[in-house]
Amino acid sequence: MVAKLTDVAALAGVSPTTVSRVINKKGYLSQKTIDKVQAAMRELGYQPNSLARSLQGKSSRLVGLIFPNTSNIFYAELIEYLERALFKKGYKVILCNSEDDPQKEQEYLDMLGANQVTGIISSSHNLGIEAYERVEAPIVAFDRNLAPHIPIISSDNFEGGKLAAATLQKNGCQHIVMLTGNDNSDSPTGLRQLGFLYQTKGASQTVEVVKVPNNLSPMRREMAIRSILASCEPDGIFASDDLTAILTMKIAQQLGRKVPDDLKIIGYDGTSFIETYYPQLATIKQPLKEIADLCVDVLLAEIHHEKTNRDYVLPISLIPGGSL
């Protein structure tokens, strides 16, 4: 089996980025570290990539995109906007599908570092802060707290949660259930639930928050939502993403519950796919193109060592639909 850069790093007890720096003679490294890496390369018979070495002292003009699920409609549309915006600025992308797997995410981070990407945009976070703090390339996060120094781009999740709750209240719902995934509450997406609870605090309506984990199989997700509709008997549902909202509409209809007469439903994301193919779904819209453009602008500012902020929050809006 041909040795990989990560094999050299493991044998030498250093990071893949350090191996890359030794190969390209980039930055300060102690002679002890250099000797360890070179000894590991000899032992494994590792041959450095000539293309990577040809980039010494030059920008690769490559940007890594790390996302938890590239088949998800929301992420797929955002990735498309990101690729277009980066291409216009003269950058190509390397797409990494982490699948909410910490090992995959770490290996992708190592690979991007070893290939000396110019920057990274990530919306995946299954690793500790130290994993992202070790990365030398500039990083911008979408909807995730990756590390204290990494800028975060997001829509106004708190106001989105408030608006969803207020819309259901305005439409006369008395028993409202929020369906949420297993997002890290420390990340901006957790603010949707906080906004929802803030809006309904002290209200006359009965309110519940029920988790439907994202990592369940499609069959298990259907079973979970079916059980929630049967046991809680809500007349209003706020789903924290549009795909869950669409699935809830389908199950409600199978149970003989009419939408919106018996059950009102509002989702979250508002992609162009939803607007085109499911206009009957009311949803909170995130401005995806603006989010992508801002991610790219902030990343380029980081690359050029310009001052950036810690948080960037873009406004949300309501798309009314037939589910209300």
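Scroll up for the structure.
Conventions adopted
- Residues numbered from 1 in each chain as written.
- Predicted model: local features only at pLDDT ≥ 70, side-chain atom pairs only at ≥ 80, totals over all residues.
- Heavy atoms only, no water.
- Core = buried A, V, L, I, M, F, W, Y, C linked by side-chain atoms within 4.5 Å.
- Buried < 20%, exposed > 50% of the residue type's maximum accessible area, 1.4 Å probe, protein only.
- Helix = DSSP H or I, 4+ residues; strand = E, 2+ residues; numbered from the N terminus.
- Contact = heavy atoms within 4.5 Å.
- Pairing = 2+ DSSP bridges.
- Right-handed = clockwise from strand over helix to strand, strands pointing away.
- 1 Å grid on protein atoms, 1.4 Å probe; cavity = no way out; pocket = protein on both sides within 12 Å on 5 of 7 lines; lining within 4 Å.
- Points joined across faces, edges and corners; volume = space filled by probe spheres on them.
- Nonpolar A, V, L, I, M, F, W, Y, C, P; charged D, E, K, R; others polar.
- Axes fitted to C-alpha atoms, helices over the stretch in contact; angles between N-to-C directions.
- Parallel < 35°, antiparallel > 145°, perpendicular 65-115°, else oblique.
- Left-handed = near helix turned anticlockwise from the far one by under 90°.
- Salt bridge = Lys/Arg side-chain N within 4 Å of Asp/Glu carboxyl O.
- Expected span 1.5 Å × (residues − 1).
- Arc of directions from axis to C-beta.

**Q** How would you summarise the nonpolar core if you had to cite specific residues and measurements?
**A** Ranked by size, the top nonpolar core spans 26 residues in total, and within it Leu65, Leu78, Leu82 and Cys295 carry the most contacts. Secondary structure elements with two or more residues in this core: strand E1 (62-67), helix H5 (73-88), strand E4 (139-142), helix H13 (288-303) and strand E11 (311-314). With sequence-adjacent residues up to four places away left out, Leu65 is seen in contact with Ile79, Leu82, Leu86, Val93, Ile94, Leu95, Cys96 and Ile121. Of all hydrophobic cores here, the second largest spans 21 residues; its members include Val210, Ile225, Ile228 and Leu281.

**Q** Outline the pairing of strand E2 (residues 92-97), supporting the account with residue identities and numerical values.
**A** Sheet faces and side chains relate simply in a regular strand, where the side chains alternate between the two faces. As judged from the six bridges shared by E1 and E2, these two strands associate in the parallel manner. Bridged to Val63 within E2 is Val93. What joins E1 to E2 is H5, and the crossover it makes is right-handed.

**Q** Please provide a residue-by-residue account of empty space enclosed by the protein, values included.
**A** Across all of its chains, the model carries one cavity of 30 Å³ or more by this definition. Looking at the largest cavity, its volume works out to about 40 Å³. Here the lining of the largest cavity is composed, by residue class, of two nonpolar, five polar and two charged.

**Q** Run through the packing of helix H8 (residues 157-170) against helix H9 (residues 191-200), naming residues and quoting values.
**A** When two helices pack together, their arrangement is given by the angle between their axes and by how far apart the axes lie. In contact at an axis separation of 6 Å, H8 and H9 are set at 40 degrees when each is read in the N-to-C sense. Our classification of the angle between H8 and H9 gives oblique. For H8 against H9, the interelement crossing comes out right-handed. Where H8 abuts H9, its residues Asn157, Phe158, Gly161, Lys162, Ala165, Ala166 and Gln169 lie against Leu191, Arg192, Leu194, Gly195, Phe196, Tyr198, Gln199 and Thr200.

**Q** Would you mind going over the pattern of salt bridges in detail, with residue names and values included?
**A** Taken as a whole and assessed by the stated rule, the structure comprises seven salt bridges. Between Lys162 and Glu159 there is a salt bridge whose closest N-O contact spans 3.6 Å. Of this pair, Lys162 and Glu159 both sit in helix H8, three residues apart, roughly one helical turn.

**Q** Explain the environment of Ile176 residue by residue, including any values.
**A** Take Ile176: it is sitting in strand E6 (residues 175-180). Placed 61 residues apart in sequence, Ile176 and Ile237 show a C-alpha to C-alpha distance of 5.7 Å.

**Q** Break down helix H10 (residues 218-232) for me, citing the residues and quoting the values.
**A** Spanning 15 residues, H10 covers 21 Å between terminal C-alpha atoms, matching the ideal 21 Å at 1.5 Å per step. Among the residues of H10, Arg221, Ile225, Ile228, Leu229 and Cys232 are the ones counted as buried. Looking straight down H10, one finds its buried side chains confined to an arc of 100 degrees; they lie on one side. Opposite the buried face of H10, at more than 90 degrees from it, the exposed residues are Met219, Met223, Ala230 and Ser231. Phi turns positive, to about 50 degrees, at Glu233, one or two residues after H10.

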